[in-house]
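# Fold and geometry: a report
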Amino acid sequence: DKPHALKSALKVDRLLETELTKAGVTPAPLVNDDTFLRRASLDLTGTIPTPNEVTDFALNPDPDKRSRLVDRLLESEGYADIWASYWREVIFSRATEVRSRTMQDVFEDWMRDQLAKNIGWDKIATELVTATGSTDSDGQTALIFAHTGEPEEVAAETARIFLGIQIQCANCHNHPYEKWTREDFHQFAAFFPRV
């Protein structure tokens, strides 16, 4: 729903501006249309806009042209391709099971399909963490296979990938720089046995 998305974006913008101001950082002003087009195209599809696209975008008087551009880019094959490739590296770059690399293409095809169908991140994450099936044909099994289903490894990668925290060193000892204890880690890892 477009109005809901816009309200959410404005709310996030205000929150960021407030937090940056509290930290003594002055938020940068909005970029011009050419820069926005280039950044959005590179970020979402990994491509640079053509000269014709730059001209068309600059001359477009529509006040919603930026959000329409983002919607168009998110619906493009380029978006699904570049981000499926990105997620392939996220999943396999720290794999503890070397053989899992044999399923990279299966995973990338699965992820591309999820992105092309606009499946929500909550559903994608759930599929990856609770996957069942064959590693030969079911791409959602990549995360678990990449770590041989070892609870400690899957827990560490799940925390890194989906929670944005590094807790793996708490597997052996209390984290030296964070609040995570060894007990915290093993309580979290207890969600992943027998996968």
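Heads up: the structure comes first, above all this text.
All of the points below concern the structure found in this document. (Residues numbered from 1 in each chain as written. Predicted model: local features only at pLDDT ≥ 70, side-chain atom pairs only at ≥ 80, totals over all residues. Heavy atoms only, no water.)

Once that is clear, we can look at the environment of Gly78. If you trace the backbone, Gly78 turns up in helix α5 (residues 77-92). Sequence separation between Gly78 and Val54 is 24 residues; the distance between their C-alpha atoms is 18 Å. Excluding residues within four positions of it along the chain, Gly78 makes contact with Leu44 and Thr45. (Helix = DSSP H or I, 4+ residues; strand = E, 2+ residues; numbered from the N terminus. Contact = heavy atoms within 4.5 Å.)

What follows covers the pattern of salt bridges. With the rule as written, the count across this model stands at 13 salt bridges. Among the ionic pairs, Lys65 bridges to Asp33, the shortest N-O distance being 2.6 Å. Pair noted here: Lys65 is in helix α4 (residues 65-74) and Asp33 is in helix α2 (residues 33-45), with a separation of 32 residues, a long-range link. Lys65 sits in the buried class, given a relative accessible area of 10%. Here Asp81 ties to Arg112 by a salt bridge, and the two come within 2.7 Å at their closest N and O atoms. With Asp81 in helix α5 and Arg112 in helix α6 (residues 104-116), this pair connects stretches of sequence that are 31 residues apart. The class of Asp81 is partly exposed, set by a relative accessible area of 32%. A network of salt bridges, in which partner residues are shared, links Asp81, Arg88, Glu89, Glu108, Asp109 and Arg112. (Salt bridge = Lys/Arg side-chain N within 4 Å of Asp/Glu carboxyl O. Buried < 20%, exposed > 50% of the residue type's maximum accessible area, 1.4 Å probe, protein only.)

Here we take up the environment of Ala159. Structurally, the position occupied by Ala159 is in helix α9 (residues 151-163). On the basis of relative accessible area, Ala159 is assigned to the buried category, the value being 0%. As for Ala159 and Phe188, which are separated by 29 residues in sequence, their C-alpha atoms are 9.0 Å apart.

Within the element layout of this structure, Glu108 appears in helix α6. Those residues in contact with Glu108, other than ones at most four positions away along the chain, are Asp81, Ala84, Ser85 and Arg88.

For the largest pocket, the calculated volume is near 870 Å³. Counting only elements with at least two residues in the lining of the largest pocket, the list comes to α1 (2-22), α2 and α4. Considering each element in turn, the lining of the largest pocket owes the most residues, eight residues, to α1. Residues of the lining of the largest pocket, tallied by class, amount to 12 nonpolar, two polar and 11 charged. In this structure, the second largest pocket occupies an estimated 280 Å³ of space. Along the walls of the second largest pocket sit Asp71, Leu74, Glu75, Tyr79, Leu115, Ala116, Asn118, Ile119, Gly120 and Trp121, which together make up its complete lining. If you list the elements that add at least two residues to the lining of the second largest pocket, you get α4 and α6. Counted by class, the lining of the second largest pocket contains six nonpolar, two polar and two charged residues. (1 Å grid on protein atoms, 1.4 Å probe; cavity = no way out; pocket = protein on both sides within 12 Å on 5 of 7 lines; lining within 4 Å. Points joined across faces, edges and corners; volume = space filled by probe spheres on them. Nonpolar A, V, L, I, M, F, W, Y, C, P; charged D, E, K, R; others polar.)

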